Amino acid sequence: MRLPDKVALITGAGSGIGRETALLFAAEGARVVVVDVNDSAGEETVRMVRGQGGEATYTHADVSKATDCERMVRTAEETYGKLNVMFNNAGILHAADDDAITTSEEVWDLTMAVNLKGVFLGCKYGIPALRRAGGGSVINTASFVALLGAATPQVAYTASKGGVLALTRELAIVHARQNIRVNALCPGPLHTELLMKILDTEEKKQRRLVHIPMGRFGEAKEMAQAALYLASDESSFLTGATFSVDGGITAAYVTPL
Ligand code: NAD
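It should be emphasised that the depicted structure is a prediction, and the values quoted were computed from it without experimental measurement. (Residues numbered from 1 in each chain as written. Predicted model: local features only at pLDDT ≥ 70, side-chain atom pairs only at ≥ 80, totals over all residues. Heavy atoms only, no water.)

Engineer: How do you make sense of the site of the ligand when you look at a structure like this?
Structural biologist: The full set close to the ligand counts 29 residues, and Ser15, Asp36, Tyr157, Leu190 and Thr192 are the nearest of them. With respect to the ligand, the backbone of isoleucine 17 contributes an N or O atom lying 2.8 Å from an oxygen atom. A distance of 2.5 Å is found between an oxygen atom of the ligand and a side-chain nitrogen or oxygen belonging to threonine 192. Expressed as a share of its isolated accessible area of 830 Å², the protein-covered part of the ligand is 93%. Among the elements of the structure, α1 (16-27), α5 (155-174) and α6 (193-196) are those that each provide at least two residues to the shell around the ligand. The element that contributes the greatest number of residues to the shell around the ligand is α6, accounting for three residues. Here the residues of the shell around the ligand sort into 14 nonpolar, 11 polar and four charged. (Near = heavy atom within 4 Å. Polar contact = N/O pair within 3.5 Å; in protein donor to acceptor, adjacent residues only side chain to side chain. Areas by Shrake-Rupley, 256 points an atom, 1.4 Å probe, with all protein chains shown as cover. Helix = DSSP H or I, 4+ residues; strand = E, 2+ residues; numbered from the N terminus. Nonpolar A, V, L, I, M, F, W, Y, C, P; charged D, E, K, R; others polar.)

As structure tokens, then:
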């Protein structure tokens, strides 16, 4: 067991990275608070965790709302007595997110509210709970697009993820002497609902695949493995890191034929 006696809260755990991480963390001994806006998906994750013999509870929260974030953290402490791992993972990629000229103010505001303010609020209420537990690990999901520009633009999403990286570094320093580590997970393009509903044709998929040295999309399970390392005591000297798990995309200049 790599997370014995840990309590972990995971936002966006009704799908993709969040769901796979809930399953893996529970299998490694953690008790998991599953958070989502999609209640049926979140409850299904809890059923899946319990089905494999793990312990989890679901609570509804929209991470862009302060009252919801305060409540989700309170639920963790009331249900399991403490919080050790805060995984701020929920995020959206709006279909109408484009370049600066085309993207509407509404799409910009919504994306920032969920992807960036959501991480801020998770930290605002999560970090005091970690301190009450004597320390802990915060994991914020950013993206490879925080590090690389693309000619297939999604400016609101990209800017929000850049903000997540900057926020992560600063909080890592502020809390470094309080036994609280704060790291950013930067996934490459993944085979999950979020990206696949945008890349809805073979041509669009190929346009991206050509830039990934490994020649394939990543899997949510592979991000869960990375999150497990960041959550566990194995990463005890790691804080403020940009942890890229991206099939080589950020290392590439020219990709293999
Ligand atoms: P996903 O769409 O499969 O899952 C996201 C989950 O977040 C969903 O269950 C959704 O209901 C939930 N959610 C959306 N808005 C919410 C809100 N306001 N409050 C609470 N929950 C909310 O996506 P995924 O691929 O698993 O993405 C997870 C994270 O990884 C996101 O932050 C995303 O930006 C990031 N990411 C994804 C990719 C990719 O290619 N899929 C690449 C890099 C980074």
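After that view, the rundown keeps rolling.
Engineer: Even after reading the chapter, I still don't get the packing of helix α4 (residues 105-132) against α5, so can you show me in this structure?
Structural biologist: For any two helices packed against each other, the geometry is given by the interaxial angle and the distance between the axes. Running from amino to carboxyl end, α4 crosses α5 at an angle of 20°, the nearest separation of the two axes being 8 Å. With respect to α5, the axis of α4 lies roughly parallel. Handedness of the α4/α5 crossing: right-handed. Where α4 abuts α5, its residues Val107, Trp108, Thr111, Met112, Asn115, Leu116, Val119, Phe120, Cys123 and Ile127 lie against Val155, Ala156, Tyr157, Ala159, Ser160, Lys161, Gly163, Val164, Leu167 and Leu171. When its residues are assigned to classes, the contact of α4 with α5 shows 15 nonpolar, four polar and one charged. (Axes fitted to C-alpha atoms, helices over the stretch in contact; angles between N-to-C directions. Parallel < 35°, antiparallel > 145°, perpendicular 65-115°, else oblique. Left-handed = near helix turned anticlockwise from the far one by under 90°. Contact = heavy atoms within 4.5 Å.)

Engineer: Sorry, what's going on with empty space enclosed by the protein here?
Structural biologist: To locate leftover empty space, one rolls a probe as large as a water molecule over the atoms. The final tally for this structure, using the stated rule, is one cavity of 30 Å³ or more. Taken as a whole, the largest cavity encloses approximately 30 Å³ of empty space. Lining the largest cavity we find Thr11, Val63, Asn88, Asn89, Ala90, Val114, Gly118 and Val119. Residues belonging to the lining of the largest cavity are distributed by class as follows: four nonpolar, four polar and no charged. (1 Å grid on protein atoms, 1.4 Å probe; cavity = no way out; pocket = protein on both sides within 12 Å on 5 of 7 lines; lining within 4 Å. Points joined across faces, edges and corners; volume = space filled by probe spheres on them.)

Engineer: What should I look at first to understand the pairing of strand β4 (residues 85-88) in this one?
Structural biologist: Looking down a regular strand, the side chains alternate between one sheet face and the other. Side chains Val85 and Phe87 of β4 all project onto a buried face; the interleaved residues Met86 and Asn88 project onto the opposite face, where all are buried too. As paired strands, strand β1 (residues 7-11) and β4 are joined by three bridges and run parallel to one another. Directly across from alanine 8, in β4, lies its bridge partner valine 85. Sheet analysis places β4 next to strand β5 (residues 136-141), joined by four bridges and oriented parallel. The partner of valine 85 across the bridge, within β5, is serine 137. As for the winding sense of the linkage, the β-α-β connection from β4 through α4 to β5 is right-handed. (Buried < 20%, exposed > 50% of the residue type's maximum accessible area, 1.4 Å probe, protein only. Pairing = 2+ DSSP bridges. Right-handed = clockwise from strand over helix to strand, strands pointing away.)

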